[in-house]
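Fold and contact review
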Amino acid sequence: MRPGLKVISDELTGKILNEAKRIMSEVGIEIRGPRVRERLLEYGLKLDSTEQRILFPPEDVDKAIASAPKSFKLYNRAGEPHADLGGDRVHFVPGSSGLKMLDHRTGEVRLANTRDFVEYVRLGDGLKNIPYLATAFSTNQDIEAQVSDIWRLYLCLTNSLKPVVSGAFTEHGVPRMAEIMQLFRSDREDLIARPLSMFTITATGNFRYSEDSCQNLLDCVEAGIPIEIVPVTLMGLIAPVTLVGATVFHTADVLTGVVMAQIIKPGAPVVFGGAPAAFHMKAASAPMAAIEAQHLNVVYTAVAKALELPCQSYMALSDGKILDAQAGAETFGSALLAALAGVNSVSGPGMLDFLLVFSLPKLVFDDEMCGQALHFVREMKVLDDLPTTDLVQELLAENHLITSPHTLKYWPQELYLTQPVIDRENREAWERQGSKDLNTRATEDVERRLARYAPIETDPKIDAEMRRIMKIGFKSQEKFPEVPVAAEPKPVAVTGAGERERRRRRGRRRTHP
C-alpha cells in the first residue's frame, strides 16, 4: 500500500465540481484571445447577456473531461520515455518564473544572465530526484526579453538530455519554440508522439484568460505540446479566503482551460495545475508557502484525481529569502504533502522569495528534500519480515542485526543515505570538517556537482538551425550571449549504477534517437 492523504470527502468534491460548473455555465469566462474565442463560438458555445463572457454548459465540460487523457509521458532529448504523468506518480521539477538569481558566490541577489542559467541546467542535469527541468528564471540581463523564453529552452536542450517544463512569455513565442524542439525528432508527428516538453498556461483570475494565455494555449494544442493549466489563485484577494470557496474558483479556471483544449483538439494532454497563494492581510504579500495555500494545493489535487486528470502544483518551495530554517521547513513540509497527495508534477525546487529568486544551493538542498519525500511514499510491503521468527532468533543470538543476511539484502533500498548537503555526522566529526552550516555545505555541493558535469554533444547543423530560428526574434541585439564551455569533468570515484550512468551519457552524446 502507498501512503496517501484523504483531505476531502467524495460528497464535498462533487459539490465543488457542481458549483464550478455552475459558474462556468451561468456566469461564464472572459476569453480575451480572439482566435480562441472564435473557435469556441464556432463550436457552439454561447455568450452571456453582456456578450463579454462565454458560457460553458455542464455537458460540454463533462465531454471535455472524458476526452482528456488520464496520463501521458514526457520523453528525453534522445526520444526515450522519461516521465509518466498520471496516477499517483510524483515528479519534482524546478520552479519557474524567477526574475532574479541569488548568486551563491557573492550572496548578491541580481538579474540573471546566460552563465547563471547554463550552470543551473548543468547542475539540474545531475540531480537524481529532479527528473526533468524547467526554464526556471529569466536571463534578461544579456538577452532581449522577447527571445528570452526560446533562448532558455535552447540552453536546456543543449546542456541536458532531460525533458523540460517551459512556456512562452509572448503571444507568438510557441511556434518558434516548437520548431527548435522538432529538430530533435524526425518530424512534427514524432514530436507529438514523443513530447519533449510541457508548457504552462496561466489563467489570470477573475474568471478570465488573457490574450497571451489564449494564443499560447491554441498554439500548444495545435502543435501537440502537452499543457498545464496553472491559475494563480490568491485566497482573500481574487478568490474566497475560505478553502471550499477558493477551490471552487480554482476549479472553474482550470476546467475552462481543459474544455478549450479539448474543443481545439480532442485528446490533447492537459494537466490540472495551480500556483495558489494566501493574501497576507498585514504584510500585503502573497505567500505561496503559506499553510492555507498548501491546503488548497492538496484539495484541488484531490479534485483532479476524482476527475482522473494528471495534476500539478507549486510546492517544495519557500517564501524565505535565504537557505535557512524557514526555507527548509517550508520546502520539506510541502514536498512531503505533495508526495502524499500524489501530485504528478511538483514545481518549486530552487525557488525563494515568492517565486521571484532562484538559488542553486537551495536546488541541491531541495533535491535531498524531494528524495526523502519520495522515499517516504514508497509502497509498503512485506520484505521477508513476516513472520519475524528468524530475525528474533538472530537478534537474541548476536545482540545485533547489522550483519544479518536480511539487513545486508535490504538496507541499500530501505535506508535513505543523504548527500553531504545534509549533516548526519556526530558533533566531533562535524567540527573536524569545519563546523559548516547548511548554506556552506550546499554551496560546496553546487561547485562539486558543476565540476563533475559531463557535457552532451549537439549536431552542429542542428545547433546552427536553432540559432537561426532564435535570431529571427531579435529587434536590436546583433549576437547571442556567450555560452560558457563546460570543462572536462574532474575524475571522481564512481562504481555500480554511477559508472553505468556515465557510460550511458557518453554513448548518447548525439542528437537523434
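None of the values given here were measured: they were computed from a predicted structure.

Some details on the overall build of the protein chain
Helices and strands together make up the secondary structure of the protein chain, namely 18 helices and 20 strands. Taking 513 residues into account, the globule formula puts the C-alpha radius of gyration at 24 Å, and the protein chain, at 24 Å, falls close to it. In terms of overall dimensions, the protein chain has a C-alpha envelope of 80 × 60 × 50 Å along the principal axes. Residues classed as buried in the protein chain amount to 53% of the 513 residues present. Sequence-distant contacts in the protein chain: of pairs separated by 6 or more residues, those separated by 24 or more amount to 74%. Carbon and sulfur atoms make up 55% of the accessible area of the protein chain, which totals about 22400 Å². Across the protein chain, 61 positive and 67 negative side-chain charges occur, with their mean positions spaced 4 Å apart.

Brief notes about the pattern of salt bridges
Under the defined criterion, the tally for this structure stands at 26 salt bridges. Across the salt bridge formed by arginine 105 and glutamate 119, the nearest N and O atoms sit 2.9 Å from each other. Placement of the pair is arginine 105 in the loop between strand E7 (100-102) and strand E8 (109-111) and glutamate 119 in helix H4 (residues 114-125), with a sequence separation of 14 residues. One connected set of salt bridges, linked through shared partners, spans Arg105, Arg115, Glu119 and Glu447.

With respect to the sheet that holds strand E20 (residues 357-359)
Read from one edge of the open sheet, 4 strands run E8-E7-E20-E19, paired in mixed fashion. Whereas interior strands pair on both sides, the edge strands pair on one side only; in this sheet they are E8 and strand E19 (351-352). Note that E7 and E20 share 3 bridges and pair parallel. Each bridged residue has a counterpart across the sheet, and for lysine 100 the counterpart in E20 is valine 357.

Focus on the side chain of aspartate 366
Assignment of secondary structure puts aspartate 366 in helix H12 (residues 360-376). Discounting chain neighbours no more than four positions away, the residues touching aspartate 366 are Ala316, Thr331, Gly348, Pro349, Gly350 and Met351.

What about the environment of isoleucine 143?
Mapped onto the elements of the fold, isoleucine 143 is located in the loop between strand E9 (133-134) and helix H5 (145-159). What makes isoleucine 143 buried here is its relative accessible area of 4%. Distance in space between the C-alpha atoms of isoleucine 143 and glycine 473 is 11 Å, their sequence separation being 330 residues. Leaving out residues up to four positions away in the same chain, isoleucine 143 has contacts with Ser148, Trp151, Phe474, Gln477, Phe480 and Pro481.

Looking at unusual backbone geometry
A negative phi holds for most residues other than glycine; trans holds for most peptide bonds. Between leucine 386 and proline 387 the backbone carries a cis peptide bond, its omega angle lying at -5 degrees. When you line up the elements, proline 387 lands in the loop between H12 and helix H13 (389-398). In the Ramachandran plot, glutamate 51 falls in the positive-phi region, its phi being about 60 degrees despite a non-glycine side chain. Relative to the elements of secondary structure, glutamate 51 occurs in the loop between strand E2 (46-47) and strand E3 (54-55). For serine 435, which is not glycine, the phi torsion reads 55 degrees and is therefore positive. Tracing the backbone shows serine 435 in the loop between helix H15 (427-432) and helix H16 (438-452). Here serine 435 falls in the partly exposed class, since its relative accessible area comes to 34%.

Observations regarding the packing of helix H1 (residues 10-27) against helix H9 (residues 243-264)
Two elements in contact, H1 and H9, have axes separated by 8 Å at closest approach and are oriented at 60 degrees. When the axis of H1 is compared with that of H9, the two are oblique. Handedness of the H1/H9 crossing: right-handed. In this structure, H1 contributes Leu12, Ile16, Leu17, Glu19, Ala20, Ile23 and Met24 to the contact, and H9 contributes Val244, Thr247, Val248, Phe249, Thr251, Ala252, Leu255, Thr256 and Val259. Tallied by class, the residues present in the contact of H1 with H9 amount to 12 nonpolar, 3 polar and 1 charged.

Regarding the side chain of threonine 135
With respect to the helices and strands, the residue threonine 135 is situated in the loop between E9 and H5. One polar contact links threonine 135 to serine 166, side chain to side chain, over a distance of 3.2 Å. With near-sequence residues (within four places) excluded, threonine 135 lies in contact with Ser96, Phe117, Arg152, Leu153, Cys156, Val164, Val165, Ser166 and Gly167.

Describing the nonpolar core
If you look at the biggest cluster of nonpolar residues, it comprises 142 residues, and the most contacted ones within it are Ile31, Phe56 and Tyr120. In terms of residues, this core owes the most to one element, H9, which gives 11 residues. When near neighbours in sequence (up to four residues on either side) are disregarded, tyrosine 120 contacts Pro94, Leu133, Ala134, Ala136, Phe137, Phe358, Leu360 and Leu363.

Some details on the packing of H9 against helix H10 (residues 291-306)
Interhelical geometry of H9 versus H10 gives an angle of 55 degrees and a closest axis separation of 10 Å. The angle between H9 and H10 places the two elements in the oblique class. Like other packed secondary-structure pairs, H9 and H10 cross with a definite hand, here right-handed. Seen from H9, the contacting residues are Leu243, Ala246, Thr247, His250 and Thr251; seen from H10, they are His295, Leu296, Val299, Tyr300 and Val303. When grouped by side-chain class, the residues that make up the contact of H9 with H10 number 6 nonpolar, 4 polar and no charged.

Topic: empty space enclosed by the protein
Taken as a whole, this structure holds 3 cavities of 30 Å³ or more when the rule is applied. Volume-wise, the largest cavity comes out at about 70 Å³. Partitioning the lining of the largest cavity into residue classes produces 6 nonpolar, 4 polar and 1 charged.

Describing the confidence of the model for the protein chain
Put simply, the protein chain has an average pLDDT of 94, and 96% of its residues get 70 or more. Every residue in residues 493-513 scores below 50 in pLDDT, and together they form 32 contacts with partners more than four places removed in sequence or on other chains.

Criteria and cut-off values
- Residues numbered from 1 in each chain as written.
- Predicted model: local features only at pLDDT ≥ 70, side-chain atom pairs only at ≥ 80, totals over all residues.
- Heavy atoms only, no water.
- Helix = DSSP H or I, 4+ residues; strand = E, 2+ residues; numbered from the N terminus.
- Rg over C-alpha atoms; globule rule 2.2 N^0.38 Å.
- Buried < 20%, exposed > 50% of the residue type's maximum accessible area, 1.4 Å probe, protein only.
- Contact = heavy atoms within 4.5 Å.
- Areas by Shrake-Rupley, 256 points an atom, 1.4 Å probe, with all protein chains shown as cover.
- Lys, Arg positive; Asp, Glu negative; His and termini not counted.
- Charge placed at Lys NZ, Arg CZ, Asp CG, Glu CD.
- Salt bridge = Lys/Arg side-chain N within 4 Å of Asp/Glu carboxyl O.
- Pairing = 2+ DSSP bridges.
- Axes fitted to C-alpha atoms, helices over the stretch in contact; angles between N-to-C directions.
- Parallel < 35°, antiparallel > 145°, perpendicular 65-115°, else oblique.
- Left-handed = near helix turned anticlockwise from the far one by under 90°.
- Nonpolar A, V, L, I, M, F, W, Y, C, P; charged D, E, K, R; others polar.
- Polar contact = N/O pair within 3.5 Å; in protein donor to acceptor, adjacent residues only side chain to side chain.
- Core = buried A, V, L, I, M, F, W, Y, C linked by side-chain atoms within 4.5 Å.
- 1 Å grid on protein atoms, 1.4 Å probe; cavity = no way out; pocket = protein on both sides within 12 Å on 5 of 7 lines; lining within 4 Å.
- Points joined across faces, edges and corners; volume = space filled by probe spheres on them.
- pLDDT = per-residue confidence, 0-100.

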